[in-house]
Amino acid sequence: KQISPKLEGQVLEVIGCVTAMPQLIQENIRFRFAVQSAHLVSGESVELPPLVMLGWYANASGVGPQPAVVQAGDVWNLSIKLKAPHGHINPHGFDYELWLWEQNVQATGYVRHGAHDAIPKLIERSWAYPIERLRQLVRQWVYAQLGDQEGAGVVVALLLGDQSAIERGDWDVFRATGVAHLMAISGLHITALAWLVARCVAWIWRRSNTWSKLSWCMWLPAQKAAMLAALLTAVAYSVFTGWAIPAQRTVWMLGAVLALRMYGLRWPAHQVLLLAATVVLIADPWALLQPGFWLSFMAVSILFVGSQSFQFLPALVREQFLMTVCMAPISLLFFHQVSLVGFFANLFAVPWVTCVVTPLSMVGLLVPVAWNFAAWAISGLGFCLSWLASLSWAQWSAPA
């Protein structure tokens, strides 16, 4: 349901619930708000879209509650102004309006809390959205441990999928060096964690007869137990990190591949890839319009086709060489730029982020001091990437 043009720009009194972990933008926040009731200042009831995106900007006068107190699951009474969702009309730029449509957000606006506005009131603080509330608590723990330490934003992004925590300057360096894909919850991270859990479960499953009278393999083979554990891990990790569309794609792909293996089907690689793409598009038809869909599936296709042609190279060098050379035309098509230092940057950034930074970020949930080590590892990586990004020939841009 779209917002009525008559209500755009008018002051509205609404009651609703914060449905997701707010995004921090310096002292301001942005959050999704499920509208339960709404009326004009005159008291006339109005109908609004069920889900809107609101910004809450810090009040220099300090009147009323400040944005930092908002938590997922809170029920608030707010004065707001709304408008229909719009994005920049720059050709080939990020389609913000389409992204909002995919998230089922049909209006955007901001909270009014000036001297002449009603003071925002917290009606109830609940756990209506427990996973989002837990994610927000973990983010608070990370910042409490790291403070303003360099790399804190990347730790939050890798642990919780909150990319807004990364500074704009850091994003510029990551894009210039072609490693921006590593600074979010990617299929590589989810698959690596699922693989690790699968190996551990298989090892335990095969040795179950040492502490059990009956081996667990008698009622479920170790290989299938490992597959189920891997899929459950991927789903749990993706949900905990916000269930973003890239994570959803990875889960659907893993589910399709593991379903084939569970039933002993040996399909050619290209048929497995087509099945995974079909499942992804059934679950999320809008993915067809996103560059990430084509980039992810093309990357896997390139590895399937090209990995046999460069057997004389070490595996990591071979795969990174294929990704750099074969993905360059696709990057130019979608983003009109390509990193010329991406091969060298990814050669050490991929194993460093995947095998060092991400595991340390996860271990921090049990041993918080690990977050400090993760931040130090990110700082070291950032120093190397900044040097590469400073080279005059680091990236090449082309007209659309």
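In what follows, the structure referred to is the one given above.
Here goes a summary of the coordinates provided. This is a predicted model, so every value here is computed, not measured.

**A short note on the overall build of the protein chain**
In step 1: Counting secondary structure elements, the protein chain contains 12 helices and 9 strands.
In step 2: A compact globule built from 400 residues would reach a C-alpha radius of gyration of about 21 Å, and the protein chain, at 24 Å, matches this within 12%.
In step 3: Considered along the principal axes of its C-alpha atoms, the protein chain spans approximately 75 × 65 × 40 Å.
In step 4: Expressed as a percentage of its 400 residues, the buried residues of the protein chain come to 44%.
In step 5: Taking contacts inside the protein chain between residues at least 6 apart in sequence as the whole, the part at least 24 apart equals 68%.
In step 6: On the protein chain, roughly 21300 Å² of surface is accessible, and the fraction owed to carbon and sulfur atoms is 65%.
In step 7: Here the protein chain contributes 23 positive and 20 negative side-chain charges, whose respective centroids are spaced 13 Å apart.

**A few points about the nonpolar core**
In step 1: Judged by nonpolar contacts, the single largest core of 35 residues is most densely connected at Val 142, Phe 174, Val 179 and Met 183.
In step 2: Among the secondary structure elements, those contributing two or more residues to this core are α2 (130-146), α3 (152-160), α4 (168-176), α11 (342-363) and α12 (369-389).
In step 3: Those residues in contact with Val 179, other than ones at most four positions away along the chain, are Phe 174, Ala 345, Asn 346, Ala 349 and Leu 385.

**Structural notes on the pairing of strand β4 (residues 51-56)**
In step 1: By the criterion of burial, β4 is predominantly enclosed, with 6 of the 6 residues buried.
In step 2: Two strands pair when backbone bridges link them, and strand β3 (residues 28-40) and β4 are joined in this way by 6 bridges, in the antiparallel orientation. Bridge pairing in β4 links Ile 29 to Trp 56.
In step 3: Both β4 and strand β6 (residues 108-112) contribute to a ladder of 3 bridges, which runs parallel. What sits directly across from Leu 54, in β6, is Gly 109.

**Observations concerning α4**
In step 1: Turning to α4, its buried residues are Trp 171, Val 173, Phe 174 and Ala 176.
In step 2: In this structure, the buried residues of α4 make contact with α3, β8 (337-339), α12 and β9 (395-397).
In step 3: Just beyond α4, the residue with positive phi is Gly 178, at close to 75°.

**Observations concerning the packing of aromatic side chains**
In step 1: Under the criterion given, the structure shown has 13 aromatic pairs.
In step 2: When the centroid spacing of 5.3 Å and the interplanar angle of 80° are considered together, the rings of Phe 343 and Phe 344 count as edge-to-face.
In step 3: Their ring planes at 85° and their centres at 5.1 Å tell us that Phe 373 and Trp 376 sit as a pair that is edge-to-face. Here Phe 373 and its partner Trp 376 are both found in helix α12, 3 residues apart, which amounts to about one turn of the helix.

**Considering α2**
In step 1: With 17 residues, α2 extends 24 Å between its outermost C-alpha atoms, agreeing within 8% with the 24 Å of an ideal straight helix rising 1.5 Å per residue.
In step 2: Within α2, the full set of buried residues consists of Glu 132, Arg 133, Arg 135, Gln 136, Val 138, Arg 139, Val 142 and Leu 146.
In step 3: The inward-facing, buried residues of α2 contact β2 (23-25), β7 (121-125), α3, α6 (222-240) and α12.
In step 4: Gly 147 occupies a position one or two residues after α2 and carries a positive phi of about 60°.

**Quick notes on the packing of helix α5 (residues 187-206) against helix α7 (residues 245-262)**
In step 1: Running from amino to carboxyl end, α5 crosses α7 at an angle of 45°, the nearest separation of the two axes being 9 Å. Taken together, the axes of α5 and α7 are oblique relative to one another. Note that α5 runs across α7; the crossing there is right-handed. Along its contact with α5, which presents Gly 187, Ile 190, Thr 191 and Ala 194, the element α7 presents Ala 247, Thr 250 and Leu 254.
In step 2: For the contact of α5 with α7, a count of residues per class yields 4 nonpolar, 3 polar and no charged.

**Regarding unusual backbone geometry**
Backbone phi values are negative for most residues with the exception of glycine, while trans is the configuration of most peptide bonds.
In step 1: Phi is positive for Asn 104, close to 65°, though the residue is something other than glycine.
In step 2: With respect to the helices and strands, the residue Asn 104 is situated in the loop between α1 (96-102) and β6.
In step 3: In this structure Asn 104 comes out as partly exposed when scored by relative accessible area, which is 48%.
In step 4: Positive phi, close to 60°, is recorded for His 336, a residue that is not glycine.
In step 5: The residue His 336 is located in the loop between α10 (315-335) and β8 in this model.

Cut-offs applied
Residues numbered from 1 in each chain as written. Predicted model: local features only at pLDDT ≥ 70, side-chain atom pairs only at ≥ 80, totals over all residues. Heavy atoms only, no water. Helix = DSSP H or I, 4+ residues; strand = E, 2+ residues; numbered from the N terminus. Rg over C-alpha atoms; globule rule 2.2 N^0.38 Å. Buried < 20%, exposed > 50% of the residue type's maximum accessible area, 1.4 Å probe, protein only. Contact = heavy atoms within 4.5 Å. Areas by Shrake-Rupley, 256 points an atom, 1.4 Å probe, with all protein chains shown as cover. Lys, Arg positive; Asp, Glu negative; His and termini not counted. Charge placed at Lys NZ, Arg CZ, Asp CG, Glu CD. Core = buried A, V, L, I, M, F, W, Y, C linked by side-chain atoms within 4.5 Å. Pairing = 2+ DSSP bridges. Phe/Tyr/Trp six-rings, centres within 6.5 Å; stacked < 30°, edge-to-face > 60°. Expected span 1.5 Å × (residues − 1). Axes fitted to C-alpha atoms, helices over the stretch in contact; angles between N-to-C directions. Parallel < 35°, antiparallel > 145°, perpendicular 65-115°, else oblique. Left-handed = near helix turned anticlockwise from the far one by under 90°. Nonpolar A, V, L, I, M, F, W, Y, C, P; charged D, E, K, R; others polar.

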